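# Structure at a glance
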Amino acid sequence: MKIKAMKWLTTAPVALALAASLAACGSGSAEPTGTPTDALAGSDQQTLDQYTTADVTPVDQIDTTKLGLNTEGKLEVGTLSDAPPNIFIDPSGKFTGYDNELLRAIAGELGLEVEFVATDFSALLSQVQTKQFDVGSSSISTTDARRQNVGFTNGYDFGFMAVVAKTDSDVKGFDDLTGDLRIGVVQGTVQDDYVTNTLKLEPIRFPDYATVYANVRNGQVDAWVAPSQQATGQVKEGDGTVIAESVVNTQNFTAYAVAKDNQPLIDALNSGLDAVIADGTWSKLTKEWYPDREMPADWKPGSKAATVPQN
(Lines give C-alpha, C1' and ligand atoms only; values in the text may rest on other atoms or scores of the structure.)
Protein backbone atom coordinates (compact mmCIF):
# COMPACT_ATOMS: atom_id res chain seq x y z
CA MET A 1 0.00 0.00 0.00
CA LYS A 2 1.41 3.40 -0.95
CA ILE A 3 1.68 5.65 2.09
CA LYS A 4 2.23 9.39 1.99
CA ALA A 5 5.12 10.77 3.98
CA MET A 6 3.90 11.61 7.48
CA LYS A 7 5.05 14.24 9.94
CA TRP A 8 7.24 12.60 12.55
CA LEU A 9 7.83 13.92 16.03
CA THR A 10 10.38 12.33 18.30
CA THR A 11 8.25 12.37 21.45
CA ALA A 12 7.07 8.92 22.47
CA PRO A 13 3.25 9.33 22.41
CA VAL A 14 3.23 10.64 18.85
CA ALA A 15 5.89 8.23 17.62
CA LEU A 16 3.95 5.28 19.00
CA ALA A 17 0.74 6.54 17.44
CA LEU A 18 2.39 6.87 14.05
CA ALA A 19 3.84 3.38 14.28
CA ALA A 20 0.40 1.99 15.08
CA SER A 21 -1.06 4.00 12.23
CA LEU A 22 1.41 2.56 9.74
CA ALA A 23 0.81 -0.96 10.99
CA ALA A 24 -2.94 -0.53 10.59
CA CYS A 25 -2.67 0.57 6.96
CA GLY A 26 -2.30 -2.99 5.74
CA SER A 27 -5.89 -3.88 6.59
CA GLY A 28 -7.40 -0.50 7.35
CA SER A 29 -10.06 1.60 5.68
CA ALA A 30 -8.23 4.91 5.48
CA GLU A 31 -9.43 7.18 2.70
CA PRO A 32 -6.91 10.00 2.45
CA THR A 33 -5.69 8.95 -1.00
CA GLY A 34 -9.22 8.88 -2.45
CA THR A 35 -11.46 11.54 -3.94
CA PRO A 36 -11.68 14.55 -1.62
CA THR A 37 -14.80 14.77 0.51
CA ASP A 38 -15.41 18.23 1.90
CA ALA A 39 -17.03 17.15 5.14
CA LEU A 40 -18.03 20.73 5.94
CA ALA A 41 -19.62 21.51 2.59
CA GLY A 42 -23.05 21.48 4.18
CA SER A 43 -26.24 19.58 3.62
CA ASP A 44 -27.33 18.41 0.19
CA GLN A 45 -30.77 16.93 0.70
CA GLN A 46 -30.88 15.65 -2.88
CA THR A 47 -27.71 13.66 -2.26
CA LEU A 48 -29.04 12.27 1.01
CA ASP A 49 -32.35 11.29 -0.58
CA GLN A 50 -30.72 9.11 -3.24
CA TYR A 51 -29.45 6.79 -0.49
CA THR A 52 -32.50 6.88 1.81
CA THR A 53 -35.13 4.24 1.14
CA ALA A 54 -38.70 5.35 0.39
CA ASP A 55 -40.08 3.02 3.07
CA VAL A 56 -39.30 -0.26 4.85
CA THR A 57 -40.77 -3.73 5.31
CA PRO A 58 -42.66 -4.01 8.64
CA VAL A 59 -40.50 -5.75 11.25
CA ASP A 60 -43.04 -8.55 11.74
CA GLN A 61 -42.53 -9.53 8.10
CA ILE A 62 -38.72 -9.90 8.36
CA ASP A 63 -37.43 -13.48 8.18
CA THR A 64 -34.42 -13.36 10.50
CA THR A 65 -33.22 -16.79 9.30
CA LYS A 66 -32.29 -15.24 5.95
CA LEU A 67 -30.12 -12.34 7.08
CA GLY A 68 -26.76 -13.93 6.28
CA LEU A 69 -25.54 -13.63 9.88
CA ASN A 70 -22.34 -15.32 11.01
CA THR A 71 -24.37 -16.88 13.81
CA GLU A 72 -28.11 -17.26 13.32
CA GLY A 73 -30.10 -15.12 15.72
CA LYS A 74 -27.14 -12.95 16.74
CA LEU A 75 -25.66 -9.72 15.41
CA GLU A 76 -21.88 -9.76 15.73
CA VAL A 77 -20.94 -6.08 15.89
CA GLY A 78 -17.56 -4.40 15.55
CA THR A 79 -17.36 -1.18 17.55
CA LEU A 80 -14.93 1.03 19.47
CA SER A 81 -14.12 1.01 23.16
CA ASP A 82 -13.02 4.61 23.73
CA ALA A 83 -15.29 7.09 21.93
CA PRO A 84 -17.96 8.38 24.34
CA PRO A 85 -20.75 9.31 24.17
CA ASN A 86 -21.31 7.24 21.02
CA ILE A 87 -19.37 4.01 21.40
CA PHE A 88 -17.45 2.96 24.48
CA ILE A 89 -17.14 0.46 27.31
CA ASP A 90 -18.49 1.62 30.67
CA PRO A 91 -16.81 0.88 34.04
CA SER A 92 -18.83 -2.33 34.41
CA GLY A 93 -17.42 -3.65 31.12
CA LYS A 94 -20.59 -3.11 29.10
CA PHE A 95 -20.44 -1.82 25.51
CA THR A 96 -22.68 1.22 25.52
CA GLY A 97 -23.10 4.71 24.08
CA TYR A 98 -25.70 6.24 21.81
CA ASP A 99 -24.88 4.20 18.70
CA ASN A 100 -24.70 0.88 20.52
CA GLU A 101 -27.81 1.39 22.65
CA LEU A 102 -29.76 2.35 19.53
CA LEU A 103 -28.50 -0.79 17.78
CA ARG A 104 -29.57 -2.89 20.78
CA ALA A 105 -33.07 -1.42 20.46
CA ILE A 106 -33.15 -2.11 16.71
CA ALA A 107 -32.01 -5.70 17.28
CA GLY A 108 -34.69 -6.06 19.95
CA GLU A 109 -37.36 -5.15 17.40
CA LEU A 110 -36.02 -7.96 15.21
CA GLY A 111 -35.67 -10.48 18.04
CA LEU A 112 -31.89 -10.66 17.62
CA GLU A 113 -29.16 -10.96 20.24
CA VAL A 114 -26.22 -8.52 19.99
CA GLU A 115 -22.56 -9.29 20.64
CA PHE A 116 -20.12 -6.36 20.56
CA VAL A 117 -16.39 -6.72 19.89
CA ALA A 118 -13.86 -3.89 20.23
CA THR A 119 -11.69 -2.95 17.26
CA ASP A 120 -9.87 0.08 15.83
CA PHE A 121 -11.71 2.34 13.42
CA SER A 122 -8.88 2.00 10.89
CA ALA A 123 -9.74 -1.70 10.51
CA LEU A 124 -13.50 -1.69 11.11
CA LEU A 125 -14.85 -1.20 7.59
CA SER A 126 -12.56 -3.82 6.07
CA GLN A 127 -13.66 -6.22 8.82
CA VAL A 128 -17.30 -5.57 7.89
CA GLN A 129 -16.47 -5.94 4.19
CA THR A 130 -14.93 -9.37 4.80
CA LYS A 131 -17.79 -10.34 7.13
CA GLN A 132 -15.68 -10.70 10.22
CA PHE A 133 -18.49 -8.63 11.72
CA ASP A 134 -22.12 -8.55 10.62
CA VAL A 135 -22.37 -4.85 11.46
CA GLY A 136 -20.07 -1.92 12.12
CA SER A 137 -21.24 0.55 14.79
CA SER A 138 -19.02 3.61 15.09
CA SER A 139 -20.79 6.85 14.12
CA ILE A 140 -19.76 6.09 10.55
CA SER A 141 -20.21 8.89 8.01
CA THR A 142 -21.57 7.39 4.80
CA THR A 143 -19.22 8.83 2.19
CA ASP A 144 -19.28 7.76 -1.45
CA ALA A 145 -15.76 6.37 -1.07
CA ARG A 146 -16.92 4.05 1.71
CA ARG A 147 -19.97 2.97 -0.28
CA GLN A 148 -17.63 1.41 -2.82
CA ASN A 149 -16.64 -1.19 -0.21
CA VAL A 150 -19.52 -1.61 2.25
CA GLY A 151 -23.27 -1.11 2.41
CA PHE A 152 -25.08 1.18 4.83
CA THR A 153 -28.42 1.40 6.55
CA ASN A 154 -30.55 4.50 6.42
CA GLY A 155 -29.25 7.32 8.56
CA TYR A 156 -29.80 7.42 12.31
CA ASP A 157 -27.71 10.51 13.11
CA PHE A 158 -25.96 13.46 11.53
CA GLY A 159 -22.44 14.71 12.00
CA PHE A 160 -20.57 17.57 13.60
CA MET A 161 -16.87 18.22 13.19
CA ALA A 162 -14.84 20.03 15.80
CA VAL A 163 -11.43 21.52 16.42
CA VAL A 164 -9.96 20.77 19.86
CA ALA A 165 -6.94 22.72 21.11
CA LYS A 166 -5.28 23.90 24.32
CA THR A 167 -7.26 26.58 26.14
CA ASP A 168 -4.55 29.19 25.60
CA SER A 169 -3.93 28.22 21.95
CA ASP A 170 -4.16 30.63 19.04
CA VAL A 171 -6.20 27.96 17.24
CA LYS A 172 -9.82 29.11 17.50
CA GLY A 173 -11.37 27.07 14.68
CA PHE A 174 -11.05 25.53 11.25
CA ASP A 175 -9.79 28.76 9.65
CA ASP A 176 -6.70 28.63 11.87
CA LEU A 177 -5.54 25.20 10.67
CA THR A 178 -2.33 25.69 8.69
CA GLY A 179 0.61 23.62 7.54
CA ASP A 180 2.90 24.74 10.36
CA LEU A 181 0.64 23.11 12.99
CA ARG A 182 0.74 19.55 14.24
CA ILE A 183 -2.85 18.45 13.49
CA GLY A 184 -4.05 15.16 14.93
CA VAL A 185 -6.74 12.90 13.45
CA VAL A 186 -7.83 9.31 13.89
CA GLN A 187 -6.69 7.28 10.90
CA GLY A 188 -9.31 6.43 8.29
CA THR A 189 -11.92 8.88 9.55
CA VAL A 190 -13.73 11.60 7.63
CA GLN A 191 -11.59 14.05 9.60
CA ASP A 192 -8.44 12.38 8.22
CA ASP A 193 -9.84 12.75 4.71
CA TYR A 194 -10.86 16.36 5.34
CA VAL A 195 -7.46 17.51 6.63
CA THR A 196 -5.52 15.56 3.98
CA ASN A 197 -7.59 16.11 0.85
CA THR A 198 -9.67 19.23 1.48
CA LEU A 199 -7.23 21.30 3.54
CA LYS A 200 -4.24 19.72 1.69
CA LEU A 201 -2.33 19.35 4.96
CA GLU A 202 -0.45 16.36 6.38
CA PRO A 203 -1.98 15.29 9.70
CA ILE A 204 -0.52 13.10 12.40
CA ARG A 205 -2.64 9.94 12.37
CA PHE A 206 -3.55 8.10 15.56
CA PRO A 207 -5.23 4.71 16.05
CA ASP A 208 -7.90 5.92 18.49
CA TYR A 209 -9.60 8.96 20.03
CA ALA A 210 -8.14 8.62 23.52
CA THR A 211 -4.57 8.69 22.20
CA VAL A 212 -4.99 11.72 19.97
CA TYR A 213 -6.69 13.63 22.80
CA ALA A 214 -3.91 12.71 25.22
CA ASN A 215 -1.44 14.25 22.77
CA VAL A 216 -3.47 17.47 22.63
CA ARG A 217 -3.45 17.65 26.42
CA ASN A 218 0.30 17.17 26.71
CA GLY A 219 1.04 19.62 23.89
CA GLN A 220 2.51 17.15 21.43
CA VAL A 221 -0.31 17.99 19.01
CA ASP A 222 -1.49 21.57 18.38
CA ALA A 223 -5.04 20.72 17.33
CA TRP A 224 -7.31 17.72 16.92
CA VAL A 225 -9.88 17.66 14.11
CA ALA A 226 -12.53 15.43 15.63
CA PRO A 227 -16.12 14.26 15.39
CA SER A 228 -17.87 16.68 17.73
CA GLN A 229 -19.51 13.87 19.68
CA GLN A 230 -16.13 12.32 20.48
CA ALA A 231 -14.65 15.73 21.27
CA THR A 232 -17.46 16.31 23.76
CA GLY A 233 -16.84 12.91 25.31
CA GLN A 234 -13.09 13.49 25.73
CA VAL A 235 -12.75 17.17 26.73
CA LYS A 236 -13.14 17.58 30.47
CA GLU A 237 -13.11 20.65 32.70
CA GLY A 238 -9.65 21.19 34.11
CA ASP A 239 -7.87 19.42 31.24
CA GLY A 240 -6.60 22.70 29.80
CA THR A 241 -8.33 22.00 26.49
CA VAL A 242 -11.34 23.41 24.71
CA ILE A 243 -13.60 22.65 21.77
CA ALA A 244 -12.61 25.72 19.81
CA GLU A 245 -15.24 25.32 17.08
CA SER A 246 -17.98 22.82 16.20
CA VAL A 247 -19.68 22.82 12.80
CA VAL A 248 -22.66 20.73 11.71
CA ASN A 249 -22.32 18.46 8.69
CA THR A 250 -25.39 16.74 7.29
CA GLN A 251 -23.92 16.05 3.84
CA ASN A 252 -23.26 12.44 4.78
CA PHE A 253 -25.53 11.00 7.43
CA THR A 254 -24.34 8.52 10.05
CA ALA A 255 -25.35 4.88 9.61
CA TYR A 256 -24.47 1.29 10.46
CA ALA A 257 -22.13 -0.51 8.04
CA VAL A 258 -22.97 -3.95 6.61
CA ALA A 259 -21.32 -6.11 3.94
CA LYS A 260 -22.28 -4.64 0.58
CA ASP A 261 -23.84 -7.85 -0.74
CA ASN A 262 -25.99 -8.49 2.36
CA GLN A 263 -29.08 -6.53 1.34
CA PRO A 264 -31.44 -8.64 3.52
CA LEU A 265 -29.58 -7.52 6.67
CA ILE A 266 -29.50 -3.89 5.53
CA ASP A 267 -33.25 -4.06 4.89
CA ALA A 268 -33.91 -5.66 8.27
CA LEU A 269 -31.91 -3.04 10.16
CA ASN A 270 -33.75 -0.32 8.25
CA SER A 271 -37.04 -1.87 9.36
CA GLY A 272 -35.89 -1.99 12.96
CA LEU A 273 -34.69 1.62 12.77
CA ASP A 274 -38.06 2.86 11.53
CA ALA A 275 -39.75 0.89 14.31
CA VAL A 276 -37.68 2.49 17.09
CA ILE A 277 -38.24 5.90 15.53
CA ALA A 278 -42.01 5.35 15.48
CA ASP A 279 -42.24 4.14 19.10
CA GLY A 280 -40.19 7.05 20.44
CA THR A 281 -37.05 5.09 21.37
CA TRP A 282 -34.85 7.00 18.93
CA SER A 283 -36.03 10.35 20.36
CA LYS A 284 -35.56 9.13 23.94
CA LEU A 285 -32.00 7.90 23.32
CA THR A 286 -31.08 11.03 21.38
CA LYS A 287 -32.25 13.26 24.23
CA GLU A 288 -30.53 11.04 26.81
CA TRP A 289 -27.13 11.05 25.12
CA TYR A 290 -27.27 14.54 23.56
CA PRO A 291 -29.40 16.62 25.94
CA ASP A 292 -28.20 19.99 24.60
CA ARG A 293 -28.02 19.27 20.88
CA GLU A 294 -30.41 20.83 18.37
CA MET A 295 -31.62 18.81 15.40
CA PRO A 296 -30.97 20.30 11.94
CA ALA A 297 -34.22 21.38 10.33
CA ASP A 298 -33.37 19.70 7.00
CA TRP A 299 -32.68 16.21 8.35
CA LYS A 300 -34.58 13.30 9.91
CA PRO A 301 -33.64 9.68 10.67
CA GLY A 302 -34.78 6.50 8.99
CA SER A 303 -36.60 6.01 5.71
CA LYS A 304 -38.46 8.77 3.92
CA ALA A 305 -41.68 7.30 5.37
CA ALA A 306 -40.44 7.40 8.96
CA THR A 307 -42.21 9.75 11.32
CA VAL A 308 -40.49 11.17 14.38
CA PRO A 309 -43.10 11.58 17.18
CA GLN A 310 -43.59 15.14 18.31
CA ASN A 311 -42.68 15.87 21.93
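Attention here is on the structure that accompanies the text.

## Some remarks on helix α3 (residues 98-110)
- Over its 13 residues, α3 runs 19 Å from end to end, which matches the ideal 18 Å to within 8%, given 1.5 Å per residue.
- Of the residues making up α3, those classed as buried are Y98, D99, N100, E101, L102, L103, I106, A107 and L110.
- After α3 finishes, the residue G111 shows a positive phi value of roughly 70°.

## What to know about helix α7 (residues 209-217)
- Listing the buried residues of α7 in full gives Y209, V212, Y213, N215 and V216. All buried residues of α7 lie within an arc of 160° about the axis, which places them on one face of the element.
- Positive backbone phi, approximately 85°, marks G219, located one or two places after α7.

## Considering the packing of α3 against helix α10 (residues 281-289)
- One way to put it is that α3 packs onto α10 with a least axis distance of 10 Å and a crossing angle of 160°. Between α3 and α10, the interaxial angle falls into the category roughly antiparallel. Seen from above, α3 lies across α10 with right-handed handedness. Contact residues: Y98, E101, L102 and A105 in α3; T281, W282, L285, T286 and W289 in α10.
- Here the residues of the contact of α3 with α10 sort into six nonpolar, two polar and one charged.

## A short note on the nonpolar core
- Core analysis: the largest hydrophobic core is formed by 62 residues, its most contacted members being L75, L102, V135 and L269.
- With seven residues, the single largest contributor to this core is helix α9 (residues 263-278).
- Beyond its immediate stretch of four places on either side in the chain, L269 contacts L75, L103, I106, L110, V135, T153 and V258.
- If you look at the next biggest cluster of nonpolar residues, it comprises 15 residues, including A165, V171, F174 and I183.

## Notes on the packing of aromatic side chains
- This model, assessed by the stated rule, comprises ten aromatic pairs.
- Between Y98 and Y156, the aromatic rings sit 6.4 Å apart at their centres with planes inclined by 45°, giving tilted as the arrangement. Placement of the pair is Y98 in helix α3 and Y156 in the loop between β7 (150-152) and β8 (157-166), with a sequence separation of 58 residues. Note on accessibility: Y98 and Y156 belong to one class, buried.
- Each ring, one from F158 and one from W299, has its centre 5.5 Å from the other, and the planes form 65°; the classification is edge-to-face. Residue F158 is located in strand β8, and its partner W299 is located in the segment after α10; the two are separated by 141 residues in the primary sequence. Across this residue pair, the class does not change: F158 and W299 are buried.
- Joined through ring pairs, the aromatic side chains of Y98, Y156, Y256 and Y290 make up one cluster.

## Structural notes on the environment of D120
- When you line up the elements, D120 lands in the loop between β5 (113-118) and α4 (121-129).
- Spatially, the C-alpha atom of D120 lies 6.6 Å from that of P207, the residues being 87 residues apart in sequence.
- Ignoring any residue separated from it by four or fewer positions in sequence, one finds D120 in contact with L80 and P207.

## Examining the sheet that holds strand β4 (residues 95-96)
- Judged by pairing direction, the sheet is antiparallel, and its three strands sit side by side in the order β2-β3-β4 without closing on themselves. Single-partner strands in this sheet number two, and they are β2 (82-83) and β4.
- When strand β3 (residues 87-89) meets β4, the two strands line up antiparallel, connected through two bridges. From the neighbouring strand, F88 faces β4, where its bridge partner is T96.

## Thoughts on a negative patch on the surface
- A surface patch of like charges, here negative, comprises D168, D170, D175 and D176.
- Looking at the element boundaries, D175 is found in the loop between β8 and β9 (183-186).

## Things to note about the pairing of β9
- Neither face of β9 is open: one carries I183 and V185, the other G184 and V186, and all of them are buried.
- As paired elements, β9 and strand β11 (residues 223-227) share two bridges and run parallel to each other. Within β11, the residue paired with I183 across the bridge is A223.
- Note: β9 against strand β10 (residues 204-206), three bridges, orientation parallel. For V186, the partnering residue across the bridge sits in β10 and is F206.
- With respect to chirality, the unit in which β9 leads through helix α6 (residues 190-198) into the neighbouring parallel β10 is right-handed.

Reading the values: rules and limits
- Residues numbered from 1 in each chain as written.
- Predicted model: local features only at pLDDT ≥ 70, side-chain atom pairs only at ≥ 80, totals over all residues.
- Heavy atoms only, no water.
- Helix = DSSP H or I, 4+ residues; strand = E, 2+ residues; numbered from the N terminus.
- Expected span 1.5 Å × (residues − 1).
- Buried < 20%, exposed > 50% of the residue type's maximum accessible area, 1.4 Å probe, protein only.
- Arc of directions from axis to C-beta.
- Axes fitted to C-alpha atoms, helices over the stretch in contact; angles between N-to-C directions.
- Parallel < 35°, antiparallel > 145°, perpendicular 65-115°, else oblique.
- Left-handed = near helix turned anticlockwise from the far one by under 90°.
- Contact = heavy atoms within 4.5 Å.
- Nonpolar A, V, L, I, M, F, W, Y, C, P; charged D, E, K, R; others polar.
- Core = buried A, V, L, I, M, F, W, Y, C linked by side-chain atoms within 4.5 Å.
- Phe/Tyr/Trp six-rings, centres within 6.5 Å; stacked < 30°, edge-to-face > 60°.
- Pairing = 2+ DSSP bridges.
- Patch = residues over 30% accessible without salt bridge, like charges linked within 9 Å, V, L, I, M, F, W, Y side chains within 5 Å.
- Areas by Shrake-Rupley, 256 points an atom, 1.4 Å probe, with all protein chains shown as cover.
- Salt bridge = Lys/Arg side-chain N within 4 Å of Asp/Glu carboxyl O.
- Lys, Arg positive; Asp, Glu negative; His and termini not counted.
- Charge placed at Lys NZ, Arg CZ, Asp CG, Glu CD.
- Right-handed = clockwise from strand over helix to strand, strands pointing away.

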